[in-house]
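Overview (structure and organization)
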Amino acid sequence: MRKIPFSPPDLSQAEIDEVVKVLKSGWITTGPETKLFENKIAEYCHVNKAVCLSSQTSCAELTLRILGIGPGDEVIVPAYTYTATASIIYHVGAKPVMIDCKCGSYEMDYDKMEAAINRNTKAVIAVDLAGVICDYDRIYEAVERKKNVFNPKNELQEKFGRVFVIADGAHAFGARRHGKMCGEIADFTNFSFHAVKNMTTAEGGAAVHRLHDGIDEEDMYKQYMLLSLHGQTKDAYQKNKVAAWEYDVVDTQYKCNMPDVLAALGVAQLSRYEKILERRHELIKLYNEEFKDLPIQVLNHCDETHRSSGHLYFVRFIGKDAEYRNRFYNMMAENGIMCNVHFKPLPMLSAYSKKGFRITDFPNAYNMHKNQLTLPLNTTLSDDDAWYIISTFKQCINTLK
Ligand SMILES: Cc1ncc(COP(=O)(O)O)c(C=O)c1O
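What counts and how
Residues numbered from 1 in each chain as written. Predicted model: local features only at pLDDT ≥ 70, side-chain atom pairs only at ≥ 80, totals over all residues. Heavy atoms only, no water. Domains from an automatic or database assignment. Contact = heavy atoms within 4.5 Å. Buried area = accessible area lost by both parts, 1.4 Å probe. Salt bridge = Lys/Arg side-chain N within 4 Å of Asp/Glu carboxyl O. Buried < 20%, exposed > 50% of the residue type's maximum accessible area, 1.4 Å probe, protein only. Helix = DSSP H or I, 4+ residues; strand = E, 2+ residues; numbered from the N terminus. Pairing = 2+ DSSP bridges. Right-handed = clockwise from strand over helix to strand, strands pointing away. Core = buried A, V, L, I, M, F, W, Y, C linked by side-chain atoms within 4.5 Å. Near = heavy atom within 4 Å. Polar contact = N/O pair within 3.5 Å; in protein donor to acceptor, adjacent residues only side chain to side chain. Areas by Shrake-Rupley, 256 points an atom, 1.4 Å probe, with all protein chains shown as cover. Nonpolar A, V, L, I, M, F, W, Y, C, P; charged D, E, K, R; others polar.

1. Points about the domain arrangement of the chain
Its domain assignment divides the chain into domain 1 (13-271) and domain 2 (274-399). The centre of domain 1, based on its C-alpha atoms, is set 26 Å off from the matching centre of domain 2. Between domain 1 and domain 2, the residue contacts involve 36 residues of the former and 36 residues of the latter. Buried area between domain 1 and domain 2, both sides added, is near 3,000 Å², and the carbon and sulfur share of it is 62%. If you sort the residues of domain 1 by the area they bury against domain 2, Tyr-80, Tyr-106 and Asn-198 come out on top, with a joint share of 22%. Here domain 1 and domain 2 share one salt bridge between them. A salt bridge links Glu-274 to Arg-176, with the shortest nitrogen-to-oxygen separation between them at 3.1 Å.

What follows is the structure in structure tokens.
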């Protein structure tokens, strides 16, 4: 029997060589390799600046802090996402406002999202789930229409004059929509390079933003640096220069920088990334073609308007319940294939039910979740592996009633 793990990292000799180069360089924490990686990410995403930190979560949390979002503020998030999208809102002392899915879709109900915008709302965080970019045209339309209720509390908020649009792009590095890259669509986008992501640094993330009159890019970059390094005015690399030891700590802050030894993985991964995306889409096409007559719903990963990052292959078993999905998951596992479920809507998690959220208030999210399964989709899969997944999947469909 074949053994197919869900999402092992795709690491080649190029990654090993780049990491060894950094290991031998005499500098392994944040320094020239991280700066090189940041420049390459910015170029790839068609933006001027990128910041690399320890995770998407740290990038997103620091983004909220830099925007001045805190106690008394509300941030709108979908109920159908991973905890990191919403937990950061609690970390900064603000209140998450959760929105149900649109009926039959994984995306937020944008009418409900627009209705939820009030005087306290400072940001909407949309999630580019599975690597498919959300309908930001609709989100921008909503925040523009609600400009009149926006209540700015600092200079940056005043300059934007409306609710910030933030993308949780944890899944979506390399996705594009209407000719734009993920990263140049929302006002602020935060990517994940966690071990299971398309492009990995083992752990890591990047923050990027669109150009806006209100943003001084150099100053914003400095703020990310300060907030990610104890509020210290110079990092270890800058201090390691002749006559440069002197520094100040201007605030009591976090420590969530990306070390060079991990950035090296990213530099090598990025140089292979377009090929990685092509292979992911080749596999998606094969799955789509083979599954087209089955009673399942799949995501639209590519058409004339967009191409996703091909991060996750979601299926929904039409008319089935959680019990069927779980039996399906087990049967795939008995055949050596590790699937996954993305996600348990936040109100189903104890952390959020303790805060008063109830899944009964999010019926559409529950209906999307109850019969959802994610199949292995990654670039370590051979064609034979993919055909094995396809034939086992069909066998499970025929066997399970
Ligand atoms: C939708 C979503 N947002 C955020 C994150 C957090 O990413 P990281 O682990 O890099 O902090 C994840 C992680 O899987 C995710 O799936």
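Now that the structure is up, let's keep going.
2. What to know about the pairing of strand β3 (residues 95-99)
Burial of β3 is extensive: four of the five residues sit out of reach of the surface. The pairing of strand β2 (residues 74-78) with β3 spans five bridges and is classified as parallel. For Glu-74, the partnering residue across the bridge sits in β3 and is Lys-95. Note on the crossover from β2 through helix α4 (residues 83-91) to β3: the handedness is right-handed.

3. Some points on the nonpolar core
The tendency in soluble globular proteins is for nonpolar side chains to be buried as a group. Ile-69, Ile-89, Met-98, Phe-164, Ile-166, Phe-188 and Tyr-224 are the most contacted members of the largest nonpolar core, which totals 51 residues. A domain-level breakdown of this core finds at least three residues from each of domain 1 (13-271) and domain 2 (274-399). Excluding anything up to four places from it in sequence, Phe-188 contacts Thr-63, Leu-67, Phe-160, Phe-164, Val-165, Ile-166, Ala-167, Val-208, His-209, Ile-215, Met-220 and Tyr-224. Grouped together as the second largest cluster of nonpolar side chains are 48 residues, Tyr-44, Ile-76, Ala-175 and Ile-276 included.

4. Here's the deal with the site of the ligand
Surrounding the ligand, one finds 15 residues, the nearest of these being Thr-57, Asp-168, His-171, Ser-192 and Lys-197. Separating an oxygen atom of the ligand from a side-chain N or O atom of His-171 is a distance of 2.8 Å. The side chain of Lys-197 places a nitrogen or oxygen atom 2.7 Å from an oxygen atom of the ligand. Here the ligand has 390 Å² of accessible area as a free molecule, and 90% of this is covered by the chains. Contributing elements (two or more residues each) for the shell around the ligand: α3 (56-66) and α4. When the residues that make up the shell around the ligand are grouped by side-chain class, the tally is five nonpolar, eight polar and two charged.

5. Brief notes about the environment of Thr-57
Counting through the fold element by element, Thr-57 comes out in helix α3. Exposure remark for Thr-57: the relative accessible area of 26% places this residue in the partly exposed category. Spatially, the C-alpha atom of Thr-57 lies 8.1 Å from that of Asn-190, the residues being 133 residues apart in sequence. In contact with Thr-57, not counting residues within four places along its chain, are Ala-84 and Ile-88.

6. A closer look at the environment of Asn-371
Tracing the sequence through the fold places Asn-371 in the loop between α14 (363-370) and β14 (372-375). Overall, the relative accessible area of 2% leaves Asn-371 in the buried class. Among the polar contacts listed, one links the side chain of Asn-371 to the backbone oxygen of Phe-317, at a separation of 3.0 Å. Of the polar contacts made by the side chain of Asn-371, one reaches the backbone oxygen of Lys-320; its length is 3.0 Å.

7. What about the pairing of strand β1 (residues 50-53)?
Both faces of β1 are covered, namely the face carrying Ala-50 and Cys-52 and the face carrying Val-51 and Leu-53. In this sheet, strand β9 (residues 205-209) lies alongside β1 in antiparallel orientation, the contact comprising four bridges. Paired with Leu-53 across the strands is Gly-205, a residue of β9.

8. Topic: the sheet that holds strand β12 (residues 306-307)
Here four strands make up an open sheet; going across it, the order is β7-β6-β12-β11 and the pairing antiparallel. Whereas interior strands pair on both sides, the edge strands pair on one side only; in this sheet they are β7 (180-181) and β11 (302-303). Of the pairings in the sheet, the one linking strand β6 (residues 176-177) to β7 comprises two bridges and is antiparallel in character. Across the sheet, residue Arg-177 finds its bridge partner in β7, namely Lys-180.

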